[in-house]
Structure formats: C-alpha cells, structure tokens
Amino acid sequence: MTDDVRNIVLGVVAAGISASIGWMARTYLWRRRLRRKQAFFGLPGNSECLLVVNREAGSDGAVHRFDVFALLELSALIKDCGANAHIVRHDATQQGFGERTEFCVGGPGSNRRMEAHLRTLLPGLSVNTDAEPVEDQGLFVLGSEQYRMERGTAEYVLLARLTAGEGNRPVFLFCGQRAITNQAATRYLARHHEKLHRKYGRNSFCLLLKVVNSQAYGPDVVEVVADVTRAALSALPAPRTSDSAVS
C-alpha cells in the first residue's frame, strides 16, 4: 500500500470516527433534553394525559377558536414527549389529580374544572365571573392586588404548574381573562419550558402574564408581571372593590 493510499484510508477512517462521535453526542444531548422535557411535563414515553377543554362564553358547548389554537400548541408538546392525550369536556371530568398530567384551559366562567382547581389548589386567586359591571369582567384579585382587563390592550392570564395528589403528576392551568390569553399562555409555555424547568424544576409555580396589545399582535407579545406562587397558593383573596386601582 502506497503512502497516498494509506493517507486516504486513514482520512476516511478518521472522518467516520468523527461522524460517529458527533452523531452519538447529538443523540445523547437530544435524549437528555427529551428526558428533561418529559420530567417537567410529567409525560414519560407512552404515558397518558388529559386535555380539559372549556366552552365559548354564551354558547352551548362550542370551543372558542383561540382555545382550539391553545389545544394545538399543547398537543404538539405532548407529541414531542411521546405521550398520548385524551381530550375531555370540562363538565365531563370527574376524577382527581396527580395520577395523570392534566392541561386545563379556560377561565372559571367557561370551565367548571378550572373553577374547582382554583378553589382547591389556588385559594389566593379570585376571578370575577359576573357579567356586570362590564369593567370588572374577568378581574383577577391576588391578595390586595387587582388586575383589570383592558380589552385588546392589556389582558392577564395565569400560567400555573401544580403538583398535588398521590401520583404527583402535574396539573397545568391556563386561566385567562379572554380566550386569546389562554393561547398566549400555552405559547409562552411552549417557548420557555426549558427556562422554567431550570428555574423551578418539578416544583409548583404560578406566573401572572400580561398579553400586550392583542388586537395588533395577537398572542405573541407576553410579559411576565410577577411570580405569584406564594400569594396564589396560600393567601386568601381580599374583598373586591370596584373603585380600587389596577396594579
């Protein structure tokens, strides 16, 4: 074998070894990220979870199109984890929590399951579901703080990951003042779940998000107002007054 042929063979072998190492490294990193994602969402491969859907306000059972978009965002996350989703109506879910991961979409006015979760898991949050006065529709009250909706300009949504029950699988809540804010919260979770995992791990958290100028930007521009975990989990909601300042 001449020196030229030997060099060619050695080059091919070296390239093959480098490619194999690179492939194994990428596979390891991909699997590591997948395991972290599965752990955060409580969705190991081939597991099952619940997607609890609400109804559009004023309808007999239709789902608002923005809530449908929110379900699509969540379905993509579930599929990426290799899990399976069961879609159930908010008024047809009669089971506890902790055995299977649950994604619950919609405010308490359109989702009975959400109403029960807020009462049981987040006693510090009060959401006004009354139709009158109009300016207080969907008002959030957290302790002494109030968050009033400015339709199309500034709207609020609670994004929560809560662990309770014997199985310790998380419940994810997307409780918004309007349907478009529910989609904004699911999109925020899809984009930032790695950062949230680094910060909170598998612990419970509640974030208050503000959707900015949804009439122009849709669900894409979202600001984190505050981490309200402590207030939402433990504090009792303060009495609501219509003339209090908005936070």
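Description of the structure in this document. The structure presented is a predicted model; accordingly, all values stated were derived computationally and were not measured.

### Observations concerning the pattern of salt bridges
In this structure the tally under the stated criterion is eleven salt bridges. Across the salt bridge formed by Arg187 and Glu73, the nearest N and O atoms sit 2.8 Å from each other. With a gap of 114 residues between them, Arg187 in helix H4 (residues 179-200) and Glu73 in helix H2 (residues 65-80) connect regions that are remote in the sequence. For the salt bridge of Asp220 with Arg187, the shortest nitrogen-to-oxygen distance reads 2.5 Å. You can see Asp220 sitting in the loop between helix H5 (214-217) and strand S10 (222-227) and its partner Arg187 sitting in helix H4, a full 33 residues away along the chain.

### Points about a positive patch on the surface
Side chains of Arg31, Arg32, Arg35, Arg36, Lys195, Arg198 and Lys199 sit close together on the surface and give a patch of like positive charge. At the level of secondary structure, the elements contributing two or more residues to the positive patch comprise helix H1 (3-41) and H4. The biggest single contributor to the positive patch is H1, with four residues. Exposure remark for Arg31: the relative accessible area of 47% places this residue in the partly exposed category.

### Details of the sheet that holds strand S5 (residues 140-142)
Reading across the sheet, the three strands line up as S4-S5-S6 and stay open at both edges, with antiparallel pairing between neighbours. The sheet is open, and its two edges are formed by strand S4 (125-127) and strand S6 (145-147), each paired on a single side. Neighbour to neighbour, the strand axes of the sheet diverge by 20 degrees on average, direction disregarded. When S4 meets S5, the two strands line up antiparallel, connected through three bridges. Bridge assignment links Val127 to a residue of S5, and that residue is Phe140.

Parameters and conventions
Residues numbered from 1 in each chain as written. Predicted model: local features only at pLDDT ≥ 70, side-chain atom pairs only at ≥ 80, totals over all residues. Heavy atoms only, no water. Salt bridge = Lys/Arg side-chain N within 4 Å of Asp/Glu carboxyl O. Helix = DSSP H or I, 4+ residues; strand = E, 2+ residues; numbered from the N terminus. Patch = residues over 30% accessible without salt bridge, like charges linked within 9 Å, V, L, I, M, F, W, Y side chains within 5 Å. Areas by Shrake-Rupley, 256 points an atom, 1.4 Å probe, with all protein chains shown as cover. Lys, Arg positive; Asp, Glu negative; His and termini not counted. Charge placed at Lys NZ, Arg CZ, Asp CG, Glu CD. Buried < 20%, exposed > 50% of the residue type's maximum accessible area, 1.4 Å probe, protein only. Pairing = 2+ DSSP bridges. Axes fitted to C-alpha atoms, helices over the stretch in contact; angles between N-to-C directions.

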